[in-house]
Amino acid sequence: MEIFDYDNILLLPRKCRVESRSECDAGVELGGRKFRLPVVPANMKTVVDESICLWMAQNNYFYVMHRFDLDNVQFVKDMHAKGVYASISLGVKGPDRATVDTLAAAGLTPEYITIDIAHGHADSVRDMIGYIKAKLPKSFIIAGNVATPEAVIDLENWGADATKVGVGPGKVCITKLKTGFGTGGWQLSALKWCARVATKPIIADGGIRSHGDIAKSIRFGASMVMIGSLFAGHEESPGKTVEVNGEMFKEYYGSASDFNKGEYKHVEGKRILEPVKGKLANTLIEMEQDVQSSISYAGGTKLMDIRKVNYVTLGGDNAGEHLLM
């Protein structure tokens, strides 16, 4: 099997068909809604909060609210009261089922529910998908995280409407070091491997270091890309602001870190400091422009045209040009 990551791949341009890159449509459909961009901030405490999620929903971006120290029922009520969609995260334990019961009893249906655990290829996820489908049949269920085609096939068969692919490739994830498992270092080829069997959307989660990696993710099968570090560190970001030698940083830590858990037990994440980047809205505009540029280089007019391009692998035994596959 050919193994590569984002840094090993370059996409090959095709003849440009637009007069201006701004003609290209960077939007994507997920769960019956069209969003401006195929990106979603990671559902982590230092990346999103209620105000960021509300702003994103109001401005036609996809979001997933985190599941830590949060009243999900109140969150859904608040988002619906403001006339926008609700997208929440749940685990697979008793309190998560109780949340589903409370939502159903109150007649509240979140438009999107992400079942979000570190190792998503599990009977507990199968059971949780079934539980949500029985109580909240109209919710669009995203399940993960997984790393193999077998896992994608199982999650889809269990009823997931989309799967989240990526185990440990993120900047604040140390799963590879702590356990010896994961997609850290070969996330892009894991995505390609999983996308070959997928019949429903894939959300590529982790390992994105630059805007060009978004286009590479789309090329290799993602419909949406979840990003942590590039979204952490904005003025609005909920991470604590820290000053170091006169420079301003924002705290960013993994969901499986002791900083998030409040205890050092089964830790697979760490804490880093991200330089403060300015406004989130400006980053999203820049991302949209860069994705539009990617579409123009692909010789296309819409996002999925990027899927049609060839690519080259840089360096190593597998280097060379690869035709469509």
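None of the values given here were measured: they were computed from a predicted structure.

1. Quick word on the pattern of salt bridges
Piece 1. Applying the stated criterion to the full structure yields 14 salt bridges.
Piece 2. Between arginine 126 and aspartate 123 there is a salt bridge whose closest N-O contact spans 3.4 Å. On the criterion of helical spacing, the pair formed by arginine 126 and aspartate 123 is a turn pair, its members being three residues apart in helix α4 (residues 123–135).
Piece 3. Residue classification places aspartate 123 among the partly exposed positions, given a relative accessible area of 46%.

2. Comments concerning the pairing of strand β8 (residues 162–165)
Piece 1. Going residue by residue along β8, you find Ala162 and Lys164 tucked away on one face and Thr163 and Val165 tucked away on the opposite face as well.
Piece 2. Crossover handedness for the path strand β7 (residues 140–146) to helix α5 (residues 149–158) to β8: right-handed.
Piece 3. Pairing of β8 with strand β9 (residues 202–205) involves three bridges; the strand directions are parallel. Residue threonine 163 lies in a different strand from β9, and its bridge partner there is isoleucine 202.

3. Quick notes on the pairing of β9
Piece 1. Residues Ile202 and Ala204 line one face of β9 and the alternating positions Ile203 and Asp205 line the opposite face, and both faces are buried.
Piece 2. The sheet contact formed by β9 and strand β10 (residues 224–227) spans three bridges and is parallel. Among the inter-strand pairings, alanine 204 is bridged to a residue of β10, identified as valine 225.
Piece 3. A crossover connection joins β9 to the parallel β10 through helix α8 (residues 212–219); in handedness this β-α-β unit is right-handed.

4. With respect to the environment of leucine 230
Piece 1. For leucine 230, the location among the structural elements is in the loop between β10 and β11 (241–244).
Piece 2. Taking the relative accessible area as the measure of exposure, leucine 230 reaches 16% and is therefore buried.
Piece 3. Linking leucine 230 and cysteine 194, residues 36 residues apart in sequence, is a C-alpha distance of 24 Å.
Piece 4. Excluding its chain neighbours within four sequence positions, the residues that come into contact with leucine 230 are Ile208, Arg209, Ser210, His211, Lys277, Thr283 and Met287.

5. Observations regarding the packing of helix α3 (residues 94–105) against α4
When two helices pack together, their arrangement is given by the angle between their axes and by how far apart the axes lie.
Piece 1. Between α3 and α4, the least distance of the axes is 10 Å, while the angle of their chain directions is 10°. When the axes of α3 and α4 are compared, the pair comes out roughly parallel. Mapping the contact onto sequence places Asp96, Arg97, Val100, Asp101 and Ala104 in α3 and Asp127, Met128, Tyr131, Ile132 and Lys135 in α4.
Piece 2. A per-class count over the contact of α3 with α4 returns five nonpolar, no polar and five charged.

Reading the values: the criteria
- Residues numbered from 1 in each chain as written.
- Predicted model: local features only at pLDDT ≥ 70, side-chain atom pairs only at ≥ 80, totals over all residues.
- Heavy atoms only, no water.
- Salt bridge = Lys/Arg side-chain N within 4 Å of Asp/Glu carboxyl O.
- Helix = DSSP H or I, 4+ residues; strand = E, 2+ residues; numbered from the N terminus.
- Buried < 20%, exposed > 50% of the residue type's maximum accessible area, 1.4 Å probe, protein only.
- Right-handed = clockwise from strand over helix to strand, strands pointing away.
- Pairing = 2+ DSSP bridges.
- Contact = heavy atoms within 4.5 Å.
- Axes fitted to C-alpha atoms, helices over the stretch in contact; angles between N-to-C directions.
- Parallel < 35°, antiparallel > 145°, perpendicular 65-115°, else oblique.
- Nonpolar A, V, L, I, M, F, W, Y, C, P; charged D, E, K, R; others polar.

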